[in-house]
Amino acid sequence: MNTTKTIRMLAVTMLAGVAVVSCGGNHNVAHEDDEPVLKEAFAGKFLIGAAVNDNQVSGKDSIAAELIRRHFNTIVAENVMKSAEINPQQGVYNWEPADRFVEFGVENGMFVVGHTLVWHSQLAPWFVYDDNGRYVSADTLRERMRTYITDVVVRYKGRVNGWDVVNEVIDDDGGYRRTPFYEILGEEYIPYAFELAHAADPDAQLYLNDYAMDNPAKRDAYVRILNDLKKRGLRVDAIGMQSHAGMDYPNIAEYEKSMEAFIGTGTKVMMTEWDMSALPSVTQSANIADTTAFRREMNPYTDGLPADVDSVWNARMATMLDIALRHSDDVLRVNAWGVSDGDSWKNDWPMKGRTDYPLLFDRHYKMKPFIRGAAKAAKN
Ligand code: XIL
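Report on the accompanying structure. Here the structure is a predicted model, which means the values were calculated and not measured.

## What to know about the nonpolar core
Counting 109 residues, the largest nonpolar core has Phe-42, Met-81, Met-145, Trp-163 and Leu-208 as the members making the most contacts within it. Formed by nine residues, the second largest nonpolar core is a distinct cluster that contains Tyr-207, Met-270, Trp-337 and Trp-345.

Pasting the structure below:
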């Protein structure tokens, strides 16, 4: 076959295999004809979703917006519903980005998740410190929590379907994390936050959420907290296993054990912030405010993932998804922390300026092989 003919045939084959979907803006997003629609593939098993940012929700990133509509039936805000964003100064509320996020979800018939009511990170200092930089009193903090949680949850009542009530409250040693909330109120701040959220919207699902859930000390701590909240008669619908992963963590067997231990308390589970760095792991503190100075050898794949690394990455992701599939009776939701590799937080954390490959779609919005395979298998 001569070259011209080969090229022409190739072009025809490609055209036949690719559907071009107009997405409202000046972009077109192409997906291959046989690309499974994720929310259809996993229907009846769990909701499938992603954390979204304001560019996507506002339609600025119209390709991603279209992809989100096509594939996901649940979304969570990557940043705009954190307290420092919504309530940066005392008495000052910045609702617009959060409103846009909720509106996008409601318009598209999605299960909308609020992230997160009580977290020590991305927390405005005024919330817990006085003008002299000292902790506010227990009464003051209780009052602030009441006002904040009530204002936010009531505003989105009936539209936000579930809330991460507390985020990352347990330390690696299994003890309570020494956050300002804990230092001021002790462990009682956790049930208190659940009480407030439930009073503000009795129909909303309420969750706990944390990372490194393969850690047996954390597992035991959360089993205790789940049992305690239930004993107090408080509503708690599920526990979120963030599932930030890398090539050498989590310990997959321990991760599954934790999922089973949580299910054993009669609570549903969710993978809430799923991503997997393909880059060398950086040893860092668990504080997300800390980043490590850039080192070139820690950023080895700027021109794409080598095939061998790519295949290990896909296999590890498939293994994690398979855990959710095998427990799907008790898994409410599988949620990636971002849409496509280009906008993942992992490019800048814990080391700024790297090129990472952690998500379900690559930088060109192409679906990764493992999820395509799993979706096709799930459908059959
Ligand atoms: C991250 C966002 O992805 C970043 O854009 C932001 O700069 C920092 O926070 N655990 C959580 C998420 O619960 O809220 C964090 O999100 C990632 C770790």
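Moving on from the coordinates now.
## Considering the site of the ligand
Around the ligand, 14 residues are found, and the nearest of them are Glu-78, Lys-82, His-115, Glu-273 and Trp-337. Asn-79 places a side-chain nitrogen or oxygen 2.9 Å from an oxygen atom of the ligand. A distance of 3.3 Å separates an oxygen atom of the ligand from a polar side-chain atom of Gln-242. When the free accessible area of the ligand is taken as 420 Å², the share hidden by the protein chains comes to 84%.

## Focus on the side chain of Asp-341
Following the sequence through the fold, Asp-341 ends up in the loop between strand S11 (331-336) and helix H13 (369-379). Excluding anything up to four places from it in sequence, Asp-341 contacts Asn-347, Asp-356, Tyr-357, Pro-358, Leu-359, Phe-361, Asp-362, Arg-363 and Lys-368.

## Thoughts on the packing of helix H11 (residues 252-264) against helix H12 (residues 307-326)
Helix packing geometry: the angle between the two helix axes and the distance between the axes. At a minimum axis distance of 11 Å, the contact between H11 and H12 shows a crossing angle of 20 degrees. Put simply, H11 runs roughly parallel to H12. In this structure, the crossing between H11 and H12 has a hand that is right-handed. Taking contact as the criterion, the partners of Ile-252, Tyr-255, Glu-256 and Met-259 in H11 are, on H12, Arg-316, Thr-319, Met-320, Ile-323 and Arg-326. Looking at side-chain class alone, the contact of H11 with H12 contains five nonpolar, one polar and three charged residues.

## Notes on unusual backbone geometry
The linkage connecting His-115 with the following residue, Thr-116, adopts the cis geometry, with an omega of 5 degrees. Inspection of the secondary structure assignment puts Thr-116 in strand S5 (residues 111-118). Cis rather than trans, the peptide bond between Tyr-249 and Pro-250 has omega equal to -5 degrees. Along the chain, Pro-250 falls in the loop between strand S9 (244-245) and H11. Positioned with a positive phi, Ser-243 is a non-glycine residue whose angle comes to about 70 degrees. Topologically, Ser-243 is positioned in the loop between strand S8 (238-241) and S9. Residue Ser-243 is classed as buried on the basis of its relative accessible area of 6%.

Cut-offs and rules
- Each chain has its residues counted from 1, following the order in which its sequence is written.
- Local features in a predicted model are, by the rule used here, given only for residues with pLDDT of at least 70; side-chain atom pairs are given and counted only at 80 or more, and totals for whole chains, interfaces and linings are based on all residues.
- Note that water and hydrogens are dropped before the side-chain values are worked out from all heavy atoms of the structure.
- Residues enter a nonpolar core if they are buried and are Ala, Val, Leu, Ile, Met, Phe, Trp, Tyr or Cys, with the set joined through side-chain atoms within 4.5 Å.
- Relative accessibility thresholds used throughout: buried, under 20% of the residue-type maximum; exposed, over 50%; partly exposed, between the two (1.4 Å probe, protein chains only).
- We call a residue near a molecule or strand as soon as one heavy atom of that residue lies within 4 Å of the molecule or strand.
- Definition of a polar contact: a pair of N or O atoms within 3.5 Å, with one able to donate and the other able to accept a hydrogen when the atoms are protein atoms, and with sequence-neighbouring residues admitted only if both atoms are side-chain atoms.
- Residue exposure ignores everything except the shown protein chains as possible cover, and the areas themselves are Shrake-Rupley values with a 1.4 Å probe.
- What counts as a helix is a DSSP run of H or I of at least four residues, what counts as a strand is a run of E of at least two, and both are numbered from the N terminus.
- Contact definition: two residues touch when any of their heavy atoms are within 4.5 Å.
- Note on geometry: axes are lines fitted to C-alpha atoms, helical ones only across the stretch in contact, with angles between N-to-C directions running from 0 to 180 degrees.
- Each angle gets one of four labels, with under 35 degrees taken as roughly parallel, over 145 as roughly antiparallel, 65 to 115 as roughly perpendicular, and the rest as oblique.
- In this scheme the handedness of a crossing depends on how the near helix is turned from the far one: anticlockwise by less than a right angle means left-handed, clockwise means right-handed.
- Residue type decides the class: Asp, Glu, Lys and Arg count as charged, Ala, Val, Leu, Ile, Met, Phe, Trp, Tyr, Cys and Pro as nonpolar, and the leftover types, Gly among them, as polar.

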